[in-house]
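Each chain, letter by letter, is given below.
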Amino acid sequence: MTLYPKLILDALSTVRYPGTRRNLVEAEMIDDDLRIDGMAVSFSIVFPKLPDPFMKSVIKAAEAAIHTYISPDVSVTVGTKSLQAARPEPGKMLPGVRNIIAVSSGKGGVGKSTVAANLAVALSAAGYETGLLDADIFGPSQPKMFGLENARIFAEEKDGRQLLIPALKYGVKMLSIGFFVNPDTATLWRGGMASNALKQLIADANWGQLDYLVLDTPPGTSDIHLTLLQNLAITGAVIVSTPQQVALADARKGIDMYRNEKVNVPILGLVENMAWFTPAELPENRYYLFGRGGVEQLAEKMQVPLLGQIPIVQSICESGDDGEPAALKAETLTGRAFRTLARAVVEAVEKRNSTLPPTEIVGMKQA
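Cut-offs used in this document
Residues numbered from 1 in each chain as written. Predicted model: local features only at pLDDT ≥ 70, side-chain atom pairs only at ≥ 80, totals over all residues. Heavy atoms only, no water. Salt bridge = Lys/Arg side-chain N within 4 Å of Asp/Glu carboxyl O. Patch = residues over 30% accessible without salt bridge, like charges linked within 9 Å, V, L, I, M, F, W, Y side chains within 5 Å. Areas by Shrake-Rupley, 256 points an atom, 1.4 Å probe, with all protein chains shown as cover. Helix = DSSP H or I, 4+ residues; strand = E, 2+ residues; numbered from the N terminus. Buried < 20%, exposed > 50% of the residue type's maximum accessible area, 1.4 Å probe, protein only. Expected span 1.5 Å × (residues − 1). Pairing = 2+ DSSP bridges. Contact = heavy atoms within 4.5 Å. 1 Å grid on protein atoms, 1.4 Å probe; cavity = no way out; pocket = protein on both sides within 12 Å on 5 of 7 lines; lining within 4 Å. Points joined across faces, edges and corners; volume = space filled by probe spheres on them. Nonpolar A, V, L, I, M, F, W, Y, C, P; charged D, E, K, R; others polar. Axes fitted to C-alpha atoms, helices over the stretch in contact; angles between N-to-C directions. Parallel < 35°, antiparallel > 145°, perpendicular 65-115°, else oblique. Polar contact = N/O pair within 3.5 Å; in protein donor to acceptor, adjacent residues only side chain to side chain.

Student: Tell me about the pattern of salt bridges, and name the residues and values.
Tutor: Going through the model one piece at a time under the given rule, you end up with eight salt bridges. The network of salt bridges with shared partners includes D31, D33 and K81.

Right under this line is the structure:
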């Protein structure tokens, strides 16, 4: 028997790519590297992107088609290619980002997302190229805080890949899973689905050159944190807590997660949110509703800086609900507090970078 290209292609034309009505030849999925050597044939199948969920089944079907329609004696070697360039490997996903700051909290309800949003805005106002990644997959809030609930996210081709274009507002580049899900519907995803979605927001987006990328992480410790640690070399973590004892106990757990010997992400410092209440009509008065000095004492005990204290002012909630972060107004009490926080974070990052080696990603086997 003599093998020739048309014979091979005719056999492969009996194989359909799942979900379409076209066969591999019609869909132009057979690359032009078809080679024949006696009774041995080799070729590559071009998939939309790799990894492809149907890759193994399509390869087996292609081999079976040649053995069925030509001869079981044909030796078949099938390679794979992708129309889209491969995603960068973990640790190299954001080559243009100088510093990655994880804003975390041990528990929900302490204002972590508010701090993350205002920190990003304050860094941008200080002249730094800044990005904000809403990594809270199950409770995204940054679109609301930036007034971008109805924003449409587009993609562009760059270096052979289709990359998402982050939304841009207040000088901050921002992406959130909230742009892609129904805000009125619960996101019922298993851990693997959530982690894959997060990887897309990180690696399949055109973040460009940034001085700082702020990560708004979910409260507590979860698969999402592990995904971040396995894919990004995080410069340092900022832990947010209120003065309440229950919040402080959870903040210790957050610190311990980053200090774990398998993680080893430096703690840049703590932020005390809801430190005191100041009425608008009595701007000099302070009422310590949740206790006083708790976060400061924890910072001393854990030997990390207290980066800032953010008071409770009604305008903070109103600003977040209106999509205008408080840090935009430098003349207000909260605006000054967040801009002071941004300066403290910059100083902590510079000190960290001058005294410690770069953070390494967490290896899969270590996790």
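Having put the structure on the table, let's press on.
Student: Residue-level account of a nonpolar patch on the surface, with values.
Tutor: A surface patch of nonpolar side chains, about 280 Å² in accessible area, is lined by L282, Y287 and L289. In this structure, Y287 sits in the loop between β12 (267–277) and α8 (294–302). Given a relative accessible area of 37%, Y287 falls into the partly exposed group.

Student: An account of helix α3 (residues 112–125) is requested, with residue identities and associated values reported.
Tutor: If you check α3, its first and last C-alpha atoms are 20 Å apart, about what 14 residues at 1.5 Å a residue would give, namely 20 Å. Most of α3 is tucked away: twelve of the 14 residues are buried. Turning to α3, its buried residues number three or more, namely K112, S113, V115, A116, A117, N118, L119, A120, V121, A122, L123 and S124. A positive phi of about 100° marks G127, the residue just after α3.

Student: How would you summarise the pairing of strand β10 (residues 210–216) if you had to cite specific residues and measurements?
Tutor: The side chains of a regular strand alternate, residue by residue, between the two faces of the sheet. Burial analysis of β10 places seven of its seven residues in the buried class, the great majority of the element. Both strand β4 (residues 97–105) and β10 contribute to a ladder of six bridges, which runs parallel. Bridge assignment links N99 to a residue of β10, and that residue is Y212. Here strand β5 (residues 130–134) pairs with β10 via five bridges, running parallel.

Student: Tell me about the side chain of D52, and name the residues and values.
Tutor: Within the fold, D52 resides in the loop between β2 (40–47) and α2 (55–69). Once you skip the residues sitting within four places of it in the chain, D52 turns out to touch Y17 and F47.

Student: How would you summarise the layout of surface pockets if you had to cite specific residues and measurements?
Tutor: There is about 620 Å³ of room inside the largest pocket. Those elements giving two or more residues to the lining of the largest pocket turn out to be β7 (161–164), α5 (191–203) and α6 (223–231). In terms of residue count, the dominant contributor to the lining of the largest pocket is β7 (four residues). Of the residues in the lining of the largest pocket, the class split is eleven nonpolar, seven polar and six charged. Quantified by volume, the second largest pocket comes out at close to 470 Å³. N264, V265, P266, R352 and L356 are, among the 23 residues lining the second largest pocket, the residues nearest its centre. Every element with two or more residues in the lining of the second largest pocket is listed here: β12 and α10 (333–355). It is α10 that provides the largest number of residues to the lining of the second largest pocket, a total of four residues. Looking at side-chain class alone, the lining of the second largest pocket contains 13 nonpolar, five polar and five charged residues.

Student: Can you explain unusual backbone geometry? Please cite residues and give values.
Tutor: Phi at N264 is positive, roughly 55°, even though this residue is not glycine. A positive phi angle, near 60°, is found at Q303, a position not held by glycine. Note on placement: Q303 falls in the loop between α8 and β13 (306–312). We classify Q303 as exposed; its relative accessible area is 73%.

Student: Requested: an account of the sheet that holds β12, with residues and values cited.
Tutor: If you walk across this open sheet you meet the eight strands as β8-β9-β5-β10-β4-β11-β12-β13, and the pairing is mixed. Every other strand in the sheet has two partners, leaving β8 (167–169) and β13 as the edge strands with one partner each. Between one strand axis and the next, the sheet turns through 25° on average, direction left out of account. With three bridges connecting them, β8 and strand β9 (residues 172–176) associate as antiparallel partners. Paired with L168 across the strands is K173, a residue of β9.

Student: Please give an account of the packing of α3 against α10 that cites residues and values.
Tutor: In helix packing, the relevant descriptors are the interaxial angle and the interaxial distance, both defined with respect to the helix axes. Contact geometry for α3 and α10: axes closest at 8 Å, N-to-C directions at 75°. Between α3 and α10, the angle falls in the class roughly perpendicular. Facing α3, whose interface residues are T114, V115, N118, L119, A122, L123 and A125, α10 presents F338, R339, L341, A342, V345 and V346.

Student: Could you give me a rundown of the sheet that holds strand β1 (residues 35–37), with the residues and numbers involved?
Tutor: Taken in spatial order, the three strands of this open sheet run β1-β2-β3, and their pairing is mixed. Both outer strands of the open sheet, β1 and β3 (75–82), are each paired with one neighbouring strand and no more. Across the sheet, the axes of successive neighbouring strands diverge by a mean angle of 20°, strand direction being ignored. The pairing of β1 with β2 spans three bridges and is antiparallel. Its bridge partner lying in β2, I36 is registered against V41. Across the sheet, α2 is in contact with β2 and β3; its angle to β2 comes to roughly 145°.

Student: For the side chain of S105, give the residues involved together with the corresponding values.
Tutor: Topologically, S105 is positioned in strand β4. Of the polar contacts made by the side chain of S105, one reaches the backbone oxygen of K107; its length is 2.8 Å. Ignoring any residue separated from it by four or fewer positions in sequence, one finds S105 in contact with V110, K112, P218, P219, G220 and V240.

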